[in-house]
Amino acid sequence: MQWDKVKNILIAILIAVNLFLLGSLGAKLWQSWQRADELEANLRTLTQGYGVTLDEGFVLPKDKVLPTLSIDRSRADEEAVAQAMLGAEAERTEREDGTVRFESEAGTVEWGADGSVRATCATDADAPTEETAALRQARRLFSAWGLLTTDAALQAQGTAVTLTDTVAGLPVHNRGLTLRFDEAGSVTLTGLWSFGTPYTTVRGSGVSCSAADALLEFAARIGDAQQIRSMTAGYRMEVDGSRRLQLTPTWKIVTDSGEYLVDCAKKTIIDQEN
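Residues numbered from 1 in each chain as written. Predicted model: local features only at pLDDT ≥ 70, side-chain atom pairs only at ≥ 80, totals over all residues. Heavy atoms only, no water.

**Description of unusual backbone geometry**
Okay, step 1: In the Ramachandran plot, Ala-168 falls in the positive-phi region, its phi being about 55 degrees despite a non-glycine side chain.
Okay, step 2: Counting through the fold element by element, Ala-168 comes out in the loop between strand S10 (166-167) and strand S11 (170-171).
Okay, step 3: Assessed through its relative accessible area of 57%, Ala-168 is described here as exposed. (Helix = DSSP H or I, 4+ residues; strand = E, 2+ residues; numbered from the N terminus. Buried < 20%, exposed > 50% of the residue type's maximum accessible area, 1.4 Å probe, protein only.)

**Quick look at the sheet that holds strand S9 (residues 160-164)**
Okay, step 1: In spatial order, the strands read S4-S5-S6-S7-S13-S12-S9-S8; together these eight strands make up an open sheet with antiparallel pairing. Of all strands in the sheet, those with a lone pairing partner are strand S4 (91-94) and strand S8 (153-157), marking the two edges. Looking at each pair of strands side by side, their axes are set apart by 15 degrees on average, direction ignored.
Okay, step 2: Sheet topology places S8 next to S9; five bridges connect them, and they run antiparallel. Across the sheet, the residue bridging to Gln-155 is Thr-162, located in S9.
Okay, step 3: Along the sheet face, helix H3 (residues 131-144) touches S8, S9, strand S12 (176-181) and strand S13 (186-192) and points at about 120 degrees away from the line of S12. (Pairing = 2+ DSSP bridges. Axes fitted to C-alpha atoms, helices over the stretch in contact; angles between N-to-C directions. Contact = heavy atoms within 4.5 Å.)

**Looking at the environment of Thr-47**
Okay, step 1: Among the secondary structure elements, Thr-47 is positioned in helix H1 (residues 2-48).
Okay, step 2: Of the residues examined, Thr-47 reaches a relative accessible area of 0% and is grouped as buried.
Okay, step 3: When residues no more than four places from it in sequence are discounted, the contact partners of Thr-47 are Val-52, Leu-54, Leu-215, Leu-216 and Ala-219.

**Focus on the pattern of salt bridges**
Okay, step 1: All chains considered together, the criterion is met by 11 salt bridges.
Okay, step 2: For the salt bridge of Arg-244 with Asp-72, the shortest nitrogen-to-oxygen distance reads 3.2 Å. With Arg-244 in the loop between strand S16 (227-239) and strand S17 (245-255) and Asp-72 in the loop between strand S3 (69-71) and helix H2 (75-86), this residue pair connects regions lying 172 residues apart in the sequence.
Okay, step 3: Via salt bridges that share partners, Arg-95, Arg-101, Glu-103 and Glu-110 belong to a single interconnected network. (Salt bridge = Lys/Arg side-chain N within 4 Å of Asp/Glu carboxyl O.)

Okay, structure coming up:
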């Protein structure tokens, strides 16, 4: 009997401790939610001072710390894609600037040192006339060329289809390939792409991507009255001083008039032509 009383007391103590911890966790979550709500409300007021509004559905993303990544250029993968598009008999030439050109009777493919690609090749199908057919045909071609992965996404705008994919689980905002169909049965492929697994080369804790700081800096610099719909943390692909492909932490901010890239570290708007 005595032991039963002790067990009941211990059980009651454990329940009380668990309730206390649960209540403490709930209070912290409530405070965190309340601070986030107050921050977003303050941001709406501050951005309005610059003539910029936040969409009703806008949600301020959580801050992130992202490392700067590097990717080695894979000439073997570039050649494999070119041969899949043009045939194994495609002739290869390389220029001093690092551009590699493949050419055959089927067309041409050029890979730049910065990851850019420009290609034209013949296909065995007529040009699609609507989005569903364009998506279906683009999926078949990207798969045949070895560019379609399990995480890849296709988006059509008319009969032009753009392929995007994540790197290290995050979007690379300027990395994508756009496929356009010509009436003569040929296609053109343009964009930026990379192969292989990225890696870190810089020691340190990474780049802090503060959503609030980037949003306010963007609102102050953009100048025109716009409505911000969303912002997403990820990377942009560029070439560093050593001509190495690099992934730099970057915000993508979508407004009612277009998309903008904002460098996470410098908080500056990036010229997307670069």
